[in-house]
Amino acid sequence: MKKVIDRKDIKKISVKLRAKRRKIVFTNGCFDILHIGHVRYLQHAKRLGDVLIIGLNSDRSVAGIKPGRPVNSEKNRAEVLAALAVVDYVVVFPEKTPYNLIKAVKPDILVKGGDWKKEEIIGSDVAKETYSLPYVKGISTTRIIEKIIRASV
């Protein structure tokens, strides 16, 4: 099964999944350097439903949010995420926010990490349920990059 797909295909797949009464969980992010915080978060997200779809910020989208990033290309980030057993589909989106993608998927459950307040999660007006999942303290891509930079000096 192909896991990295485009918006047109995820819309069709989402319709079929809903017809089969499968519970769709959606999350999004940059996932620039995959770490234990991401893995635990995605495992938790998957337990909330049947199918986990990730909206992945494009390279241009990441650069607009985080100067100097991404470290890894969208193609590489998508492939790494797709390799995880808990991930069913990955869709790259070019916009600053995943709102249009969320509207296309119409997930049952929308999740973000605990650094997001539930009422600030984009797309919560589209999903049936929205959750801010626990955040692994002290673990972030930015901190990992900073540690690499300190170690290389």
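Residues numbered from 1 in each chain as written. Predicted model: local features only at pLDDT ≥ 70, side-chain atom pairs only at ≥ 80, totals over all residues. Heavy atoms only, no water.

Participant: Tell me about the overall build of the chain, residues and numbers included.
Facilitator: Summing up its helical and strand segments, the chain has six helices and six strands in all. Seen in sequence order, the chain has helices and strands lined up from the N terminus as β-α-β-α-β-α-α-β-α-β-β-α. A compact globule built from 153 residues should have a C-alpha radius of gyration of about 15 Å, and the chain, at 15 Å, falls within 12% of that. Projected onto the principal axes, the alpha-carbon positions of the chain cover approximately 55 × 25 × 25 Å. Residues counted as buried form 43% of the 153 residues belonging to the chain. Considering only intrachain contacts with a sequence separation of at least 6, the fraction spanning at least 24 residues in the chain is 68%. (Helix = DSSP H or I, 4+ residues; strand = E, 2+ residues; numbered from the N terminus. Rg over C-alpha atoms; globule rule 2.2 N^0.38 Å. Buried < 20%, exposed > 50% of the residue type's maximum accessible area, 1.4 Å probe, protein only. Contact = heavy atoms within 4.5 Å.)

Participant: Could you give me a rundown of the environment of V86, with the residues and numbers involved?
Facilitator: Its location among the elements puts V86 in the loop between α4 (74-82) and β4 (89-93). On a C-alpha basis, the gap between V86 and K16 in space is 20 Å, while along the polypeptide they are 70 residues apart. Residue contacts for V86: discarding those within four places in its chain leaves L42, Q43, K46 and L52.

Participant: Please provide a residue-by-residue account of the layout of surface pockets, values included.
Facilitator: Where empty space is left can be seen by rolling a probe of water-molecule size over the atoms. Estimates place the volume of the largest pocket at around 740 Å³. Lining the largest pocket are 32 residues, and of these G29, K66, K112, D115 and W116 lie nearest its centre. Counting residues per element, the ones that place at least two in the lining of the largest pocket are β2 (24-29), α2 (36-47), β5 (109-113) and α6 (141-152). For the lining of the largest pocket, a count of residues per class yields 13 nonpolar, 13 polar and six charged. (1 Å grid on protein atoms, 1.4 Å probe; cavity = no way out; pocket = protein on both sides within 12 Å on 5 of 7 lines; lining within 4 Å. Points joined across faces, edges and corners; volume = space filled by probe spheres on them. Nonpolar A, V, L, I, M, F, W, Y, C, P; charged D, E, K, R; others polar.)

Participant: Tell me about the nonpolar core, and please be specific about residues and values.
Facilitator: Within the largest apolar cluster, 17 residues are counted, with the highest numbers of intra-cluster contacts made by I10, F26, I53, Y89, L101 and V105. Among the secondary structure elements, those contributing two or more residues to this core are α1 (7-19), β2, β3 (51-57), β4 and α5 (99-105). F31, Y41, I54 and A78 belong to the second largest nonpolar core, which has 16 residues in total. (Core = buried A, V, L, I, M, F, W, Y, C linked by side-chain atoms within 4.5 Å.)

Participant: Lay out the side chain of H38 with the relevant residues and their values.
Facilitator: Mapping H38 onto the fold places it in helix α2. The contact partners of H38, leaving out residues within four places of it in the chain, are F31, I33 and T141.

Participant: Which residues make up the pairing of β4, and what values do they have?
Facilitator: Counting buried positions over the five residues of β4 gives four, a clear majority of the element. With two bridges joining them, strand β1 (residues 4-5) and β4 adopt parallel strand pairing. Among the inter-strand pairings, I5 is bridged to a residue of β4, identified as V91. (Pairing = 2+ DSSP bridges.)

Participant: Go over α4 with me, naming the residues and quoting the values.
Facilitator: Those residues of α4 that sit buried are R77, A78, L81 and A82. Taken down its axis, α4 places every buried residue within 130° of arc, on the same side. In α4, the exposed positions angled more than 90 degrees off the buried face are occupied by K75 and E79. The inward-facing, buried residues of α4 abut β1, α2, β3, α3 (59-65) and β4. (Arc of directions from axis to C-beta.)

Participant: Lay out the sheet that holds β3 in plain terms, naming residues and giving numbers.
Facilitator: The strand order across the open sheet built from six strands is β1-β4-β3-β2-β5-β6, with neighbouring strands paired in parallel fashion. At either end of the open sheet lies a strand with only one pairing partner, and these are β1 and β6 (129-133). By the bridge criterion, six bridges tie β2 to β3 in an arrangement that is parallel. Its bridge partner being in β3, F26 is matched across the sheet by I53. In this fold α1 packs onto β1, β2, β3 and β4, with an angle of close to 140° to the strand it touches most, β4. Docked against the sheet, α4 engages β1, β3 and β4, running at close to 165° with respect to β3. (Axes fitted to C-alpha atoms, helices over the stretch in contact; angles between N-to-C directions.)

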